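A look at the structure
Okay, here's what each chain looks like letter by letter:
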Amino acid sequence: MLSLLAAWTMLPRVQAALPADSTARPCLTHLLSAEFRPAYVFPTGSFLRGDNQAGDPINTNLSGHLKYGFRFAPDTYWGRMFPHAVQGIGVAWNTFFNAAELGNPVSVYAFQSARIATLAPRLSLDYEWNFGASFGWKKFDESDNPRNILVGSKVNAYINLGLFLNWKIDARTYLKAGVDVTHYSNGNTGYPNAGINTIGAAVGLTRCFGTAGQEEASAASSTFSPLGRTDFRRRMSYDLVLYGATRKKAVYPAQADPVLVPGSFGIVGLNFTPMYNFSRYFRAGVSLDAQYDESANIGRHIVDGPVYPSEDNIRFHRPPFREQFAVGLSVRAEVVMPIFSINLGIGRNVLCQGPDTDAFYQILALKTHLTRRLFLHVGYQLSRFKDPNNLMLGLGWRFGRMD
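Throughout what follows, the structure given in this document is the object of discussion. (Residues numbered from 1 in each chain as written. Predicted model: local features only at pLDDT ≥ 70, side-chain atom pairs only at ≥ 80, totals over all residues. Heavy atoms only, no water.)

A look at the overall build of the chain
Check the secondary structure of the chain and you find 5 helices and 18 strands. For the chain, with 403 residues in total, the buried portion stands at 50%. In the chain, of all internal contacts separated by at least 6 residues, the share reaching a separation of at least 24 is 65%. Of the roughly 18,700 Å² of accessible surface on the chain, 64% is carried by carbon and sulfur atoms. (Helix = DSSP H or I, 4+ residues; strand = E, 2+ residues; numbered from the N terminus. Buried < 20%, exposed > 50% of the residue type's maximum accessible area, 1.4 Å probe, protein only. Contact = heavy atoms within 4.5 Å. Areas by Shrake-Rupley, 256 points an atom, 1.4 Å probe, with all protein chains shown as cover.)

What to know about the sheet that holds strand S18 (residues 387-400)
Spatially, the 8 strands close up into a barrel ordered S9-S12-S13-S14-S15-S16-S17-S18, and their pairing is antiparallel. Shown here is a sheet whose adjacent strand axes are inclined to one another by a mean of 25°, direction ignored. In this sheet, strand S16 (residues 360-369) lies alongside strand S15 (residues 340-351) in antiparallel orientation, the contact comprising 9 bridges. Within S16, the residue paired with Ser341 across the bridge is Lys367. (Pairing = 2+ DSSP bridges. Axes fitted to C-alpha atoms, helices over the stretch in contact; angles between N-to-C directions.)

Here's the deal with the pairing of strand S6 (residues 155-170)
Bridge analysis of strand S5 (residues 123-135) against S6 gives 13 bridges, and the strand direction is antiparallel. Along S6, the bridge assignment pairs Ser134 with Asn156. Across 13 bridges, the pairing between S6 and strand S7 (residues 173-185) is antiparallel. Looking across to S7, one finds that Asn160 is bridged to Thr182. The hairpin formed by S6 and S7 contains 2 residues between the paired strands.

Concerning the sheet that holds strand S3 (residues 86-95)
Around the barrel, 8 strands lie side by side as S1-S2-S3-S4-S5-S6-S7-S8; this closed barrel has antiparallel pairing. On average, each strand axis in the sheet is inclined to that of its neighbour by 25°, with strand direction left out of account.

Details of unusual backbone geometry
In this chain, Tyr191 is followed by Pro192 through a cis amide linkage whose omega measures 0°. Structurally, the position occupied by Pro192 is in the loop between S7 and strand S8 (196-210). Phi at Ile339 is positive, roughly 70°, even though this residue is not glycine. In this structure, Ile339 sits in the loop between strand S14 (325-336) and S15. Of note in the backbone geometry, Arg384 takes a positive phi value of approximately 60° without being a glycine. Within the element layout of this structure, Arg384 appears in the loop between strand S17 (374-383) and S18.

A word on the pattern of salt bridges
Counted by the stated rule, this structure contains 19 salt bridges. With a shortest N-O distance of 2.8 Å, Arg37 and Glu35 are connected by a salt bridge. As far as burial versus exposure is concerned, Arg37 and Glu35 are alike and both buried. For Arg398, the salt bridge identified is with Asp239, shortest N-O distance 2.7 Å. Of this pair, Arg398 sits in strand S18 while Asp239 sits in strand S9 (residues 235-247), and the two are 159 residues apart along the sequence. Both residues of the pair, Arg398 and Asp239, count as buried. Among the charged side chains, a salt-bridge network with shared partners connects Glu35, Arg37, Lys67, Glu128, Lys176 and Asp180. (Salt bridge = Lys/Arg side-chain N within 4 Å of Asp/Glu carboxyl O.)

Some details on the packing of aromatic side chains
Taken as a whole, this structure holds 16 aromatic pairs when the rule is applied. Plain terms: the ring middles of Tyr238 and Phe272 are 6.3 Å apart, the flat faces sit at 10° to each other, and that makes the pair stacked. Here Tyr238 is found in strand S9, whereas its partner Phe272 is found in strand S12 (residues 265-277), with 34 residues between them in sequence. Owing to a relative accessible area of 31%, Phe272 belongs among the partly exposed residues under this scheme. For the pair Tyr292 and Phe321, a centre-to-centre distance of 5.7 Å together with 15° between the ring planes defines the contact as stacked. (Phe/Tyr/Trp six-rings, centres within 6.5 Å; stacked < 30°, edge-to-face > 60°.)

A short note on the environment of Asn390
Summarising the element assignment, Asn390 is placed in strand S18. The spacing of Asn390 and Thr246 is 144 residues in sequence and 7.5 Å in space, taken between C-alpha atoms. The contacts of Asn390, once residues within four sequence positions are left out, are Gly187, Tyr243, Ile267, Gln291, Tyr380 and Gln381. Here the side chain of Asn390 touches Gln291 through a polar contact of 3.2 Å, side chain to side chain. (Polar contact = N/O pair within 3.5 Å; in protein donor to acceptor, adjacent residues only side chain to side chain.)

Considering the nonpolar core
With 21 residues, the main nonpolar core has Phe70, Trp129, Phe131, Met337, Phe340 and Leu366 as its most contacted residues. Where this core is concerned, the elements lending two or more residues are strand S2 (60-72), strand S4 (106-120), S5, S15 and S17. Excluding residues within four positions of it along the chain, Trp129 makes contact with Ala110, Phe111, Gln112, Asn160, Leu161, Phe340, Ile342 and Leu366. Formed by 19 residues, the second largest nonpolar core is a distinct cluster that contains Leu48, Trp137, Leu150 and Tyr174. (Core = buried A, V, L, I, M, F, W, Y, C linked by side-chain atoms within 4.5 Å.)

Section: the side chain of Thr198
With respect to the element layout, Thr198 can be found in strand S8. When near neighbours in sequence (up to four residues on either side) are disregarded, Thr198 contacts Ala39, Tyr40, Val41, Phe42, Asn61, Asp180, Val181 and Thr182.

Take a look at the structure:
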């Protein structure tokens, strides 16, 4: 949601930063899209397999999407650099055909799509990502919704990635069809947090408005080669990110059921990431990652009592700092587009103590550029390739040459 607001407020600054000759006429193509996305819900828990009040498996999701997007004209800086990139905002209505226990959540998100390959004069292979928040979930409640052990909050993150065939019907109308995957979760800000995952199809119709038609973008791209431009210099850049978040924590006492610890725990972290810019579209490098997690390894310091601990009576000794602080190294790859960058990382903590931090971790982050050097960082961290760990909400600054 933060990235969505930042992207929207960036648009006037991006337009103002364009060369003077590009502002003499409209510099944007506006696009409106309507999409329909049926999906299969992965049966990742007993609730989805039929252990719910309705007594039926929850294996189908349907969503309808309305989106506004824009593309830069080919005679502008961004239009020359990224002639087929479209970015904007979208809203979606979802149903899992069990409104009483899951609700019918509404998603609000930022999106970006771009061409991967031209397959024919009127046909291309495109990708698209969506990143935002979904509202209106029916969450777990011990008395009113006890079987929904997947969703622990009314608001959840929404992450989607798709591959599509994009067919140009006429100069301003496009039909797209493809496949996509979706993940809903709250980043451990609430429990339970098993999340919901879907895979499905998508069919949509897009209409363009403005002066910069697809033919103009195609002409611009025919003379554009991101690796061959003489004004691009391969170089190093250095990103410094400071982030924070809160999370819930469940512990597993010996010979007792899992216990959800009352309250929330704080997280602060820092990433320093030198990256080599291979092209305007792609950079990669190795990141030094440091994180302090107030909840890390507290399960090793439960105070013994006369009865098994419960949410009402569980107590802890505070773990030493070395069990809650970890330093790791991760390999990072970043796709660079107008306004946004997508950063992926796989790493391992090398300075750590205790089972909660002695692990591999994975990072998915969206960077929204507020200025040429300042960016908003919205990330999600997994542990051991499967366990949700924490959100990463912060700001970053880019050092080094920018040309």
